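Inside the fold
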Amino acid sequence: MPHRNRFTAACRAIAFPAGLISPNAVLEFTTDDLAHAIFATGRAPGDEVRHGWASVWEFVHRASLIPAYVRRTRGGALVKSALAMELDRSEKVTLSYSLGQALTGIFCERKLGVTHLLHIDRYASRWGVVFAATKKRADLFGLSPAGWVVAEAKGRSNGIEPDLLNTIIAQKRSVKSISGRRPWLALGCVAAFPPHRRELSITAVDPDEEGPEPVDVDLDLDRYMLAYYEPFLAAIAAGTPQVRDQRYLTSRLGLLDLRVGLRRDIAVRVQQASQGELSGLHDSVVELLDSGIELDEAATAFPDGTLVGSNWTNAISLNDWRF
């Protein structure tokens, strides 16, 4: 990916296992990474497939936040555009929430090896899972090579308020087990814009204690995979088909100038699962992914077999964030 599309953000890691993440790491990512993470971590009302086009427009809305409100400094930092600074409070909350979800997704992929991070409510809605009544349940969960990772995502349009980390600590250990296994890590991640710098920074924390009302997630891996991939198929079906590479099923989402794709072999297997052949989906996808990532010159290929290509260089390079 060209350097002009790449961001860097300071990343402060607190209380993680020794040697896992540097306390003062740097997270590098691109506009493609942002678009992919915004999509994968999204939580539409109900499951996204059942809502059809509504779910696609919901994704288009969240992805459009990037060219509208995100800018890149000459040094590569992510800052807010002038338009973002003029938003009212509720609009700022929406932007911060989406960026917080996306940066948590990128952090979990780059630092922890989580390739399929899913919003816990999307899985629950898709399969009718009911959790114990609690207001402190984490947002996201995904499987890493070392075990399950649970993540609570936060976004702030300014700095981190003093009590926010305490709130995250209460929420992040809200999942006691997944399929009978205690999560390997349960972290909180905050994407914020400190007033003194205005550049996006990330704070991730992993204290070990459980919250007061932890829940058990009874999860089926095949259902998990189907819930993860179905929205990608819905977005591809909604766009204009493109055939640049026979290895991928791809389409372009019009005015947003965004290309979305999925490896054809995985797409075929997911389509079979959605039509009733669900059993063995997880193992099939893992086996297909073990064959390696299929590279594409015009977009970013992700470890989950998806493809995202954005064309937002001009937008994020605008200097309208200076004042």
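A brief report on the enclosed structure follows.

Rules used throughout
Residues numbered from 1 in each chain as written. Predicted model: local features only at pLDDT ≥ 70, side-chain atom pairs only at ≥ 80, totals over all residues. Heavy atoms only, no water. Helix = DSSP H or I, 4+ residues; strand = E, 2+ residues; numbered from the N terminus. Contact = heavy atoms within 4.5 Å. Areas by Shrake-Rupley, 256 points an atom, 1.4 Å probe, with all protein chains shown as cover. Pairing = 2+ DSSP bridges. 1 Å grid on protein atoms, 1.4 Å probe; cavity = no way out; pocket = protein on both sides within 12 Å on 5 of 7 lines; lining within 4 Å. Points joined across faces, edges and corners; volume = space filled by probe spheres on them. Nonpolar A, V, L, I, M, F, W, Y, C, P; charged D, E, K, R; others polar. Expected span 1.5 Å × (residues − 1). Core = buried A, V, L, I, M, F, W, Y, C linked by side-chain atoms within 4.5 Å. Buried < 20%, exposed > 50% of the residue type's maximum accessible area, 1.4 Å probe, protein only. Salt bridge = Lys/Arg side-chain N within 4 Å of Asp/Glu carboxyl O. Axes fitted to C-alpha atoms, helices over the stretch in contact; angles between N-to-C directions. Parallel < 35°, antiparallel > 145°, perpendicular 65-115°, else oblique. Phe/Tyr/Trp six-rings, centres within 6.5 Å; stacked < 30°, edge-to-face > 60°.

1. What about the overall build of the protein?
- Tallying secondary structure elements over the protein gives 10 helices and 16 strands in all.
- For the protein, the share of sequence-separated contacts (at least 6 apart) that also reach a separation of at least 24 residues comes to 68%.
- Put simply, the protein shows about 14000 Å² of open surface, and 51% of that area lies on carbon and sulfur atoms.

2. Regarding the sheet that holds strand β13 (residues 248-253)
- If you walk across this open sheet you meet the 5 strands as β12-β13-β14-β16-β15, and the pairing is antiparallel. Among the strands making up the open sheet, the edge pair consists of β12 (240-242) and β15 (300-301).

3. Let's talk about empty space enclosed by the protein
- All told, the structure shown has 4 cavities of 30 Å³ or more when counted by the stated rule.
- Here the largest cavity is characterised by a volume of approximately 110 Å³.
- As for the largest cavity, its lining consists of 15 residues, of which His 36, Gly 105, Glu 109, Thr 115 and Leu 117 are closest to the centre.
- For the lining of the largest cavity, the elements supplying multiple residues, two or more each, are α1 (31-40) and α4 (89-112).
- Classifying every residue of the lining of the largest cavity by side-chain character gives 8 nonpolar, 5 polar and 2 charged.

4. Focus: α4
- Its 24 residues place the ends of α4 33 Å apart at the C-alpha level, agreeing with the 34 Å of an ideal helix rising 1.5 Å per residue.
- Downstream of α4 by a residue or two, Gly 113 has a phi angle that is positive, lying close to 75 degrees.

5. Some remarks on the side chain of Ser 96
- Residue placement: Ser 96 occurs in helix α4.
- What Ser 96 contacts, discounting residues up to four positions off in sequence, is Gly 155, Arg 156 and Ser 157.

6. What to know about the nonpolar core
- Grouped together as the largest cluster of nonpolar side chains are 90 residues, with contacts concentrated most on Phe 29, Phe 107, Phe 141 and Leu 258.
- Among the elements that take part in this core, helix α7 (residues 221-238) stands out by supplying 11 residues, more than any other.
- Among all residues touching Phe 29, those that are not within four sequence positions of it are Asn 5, Arg 6, Phe 7, Ala 9, Leu 34, Leu 78, Leu 103, Ile 106, Arg 110 and Leu 200.

7. Here we look at the sheet that holds strand β5 (residues 118-119)
- The strand order β2-β1-β10-β9-β7-β6-β5 describes an open sheet built from 7 strands, whose pairing is mixed. In this open sheet, the two edge strands, each paired with only one partner strand, are β2 (24-30) and β5.
- Sheet topology places β5 next to strand β6 (residues 140-144); 2 bridges connect them, and they run antiparallel. Pairing of His 119 across the sheet is with Leu 140, part of β6.

8. Considerations on the pattern of salt bridges
- Across all of its chains, the model carries 8 salt bridges by this definition.
- Here Asp 33 and Arg 110 are joined by a salt bridge, their closest N and O atoms 2.7 Å apart. Here Arg 110 lies in helix α4 and Asp 33 lies in helix α1, a separation of 77 residues in the sequence.
- The salt bridge partner of Arg 126 is Glu 230, with a shortest N-O separation of 2.8 Å. Taken as a pair, Arg 126 in helix α5 (residues 120-127) and Glu 230 in helix α7 lie far apart in primary sequence, 104 residues in all.
- The network of salt bridges with common partners includes Asp 33, Glu 109 and Arg 110.

9. So, the packing of α5 against α7
- The contact between α5 and α7 brings their axes to 10 Å, and the two run at 105 degrees. Relative to α7, the element α5 is oriented roughly perpendicular. Contacts from Arg 122, Tyr 123, Arg 126 and Trp 127 of α5 reach α7 at Arg 223, Tyr 224, Leu 226, Ala 227, Tyr 228, Glu 230 and Pro 231.

10. Focus on the pairing of β6
- When you tally the buried positions in β6, you get 4 out of 5 residues, the bulk of the element.
- From the end of β6 to the start of strand β7 (residues 147-156), which pair antiparallel, there are 2 residues.

11. Observations concerning the packing of aromatic side chains
- Tallied over the full model, the rule gives 10 aromatic pairs.
- When the centroid spacing of 5.4 Å and the interplanar angle of 25 degrees are considered together, the rings of Phe 7 and Phe 29 count as stacked. Here the residue Phe 7 occupies a position in strand β1 (residues 6-14), and Phe 29 occupies one in strand β2, the gap between them amounting to 22 residues.
- The class for Phe 7 is buried, based on a relative accessible area of 0%.
- Using a relative accessible area of 0% as the deciding quantity, one classes Phe 29 as buried.
- Between Phe 39 and Phe 59, the aromatic rings sit 4.0 Å apart at their centres with planes inclined by 35 degrees, giving tilted as the arrangement. Separated by 20 residues along the polypeptide, Phe 39 in helix α1 and Phe 59 in helix α2 (residues 53-69) bring together distant segments of the chain.
- What makes Phe 39 buried here is its relative accessible area of 3%.
- We classify Phe 59 as buried; its relative accessible area is 1%.

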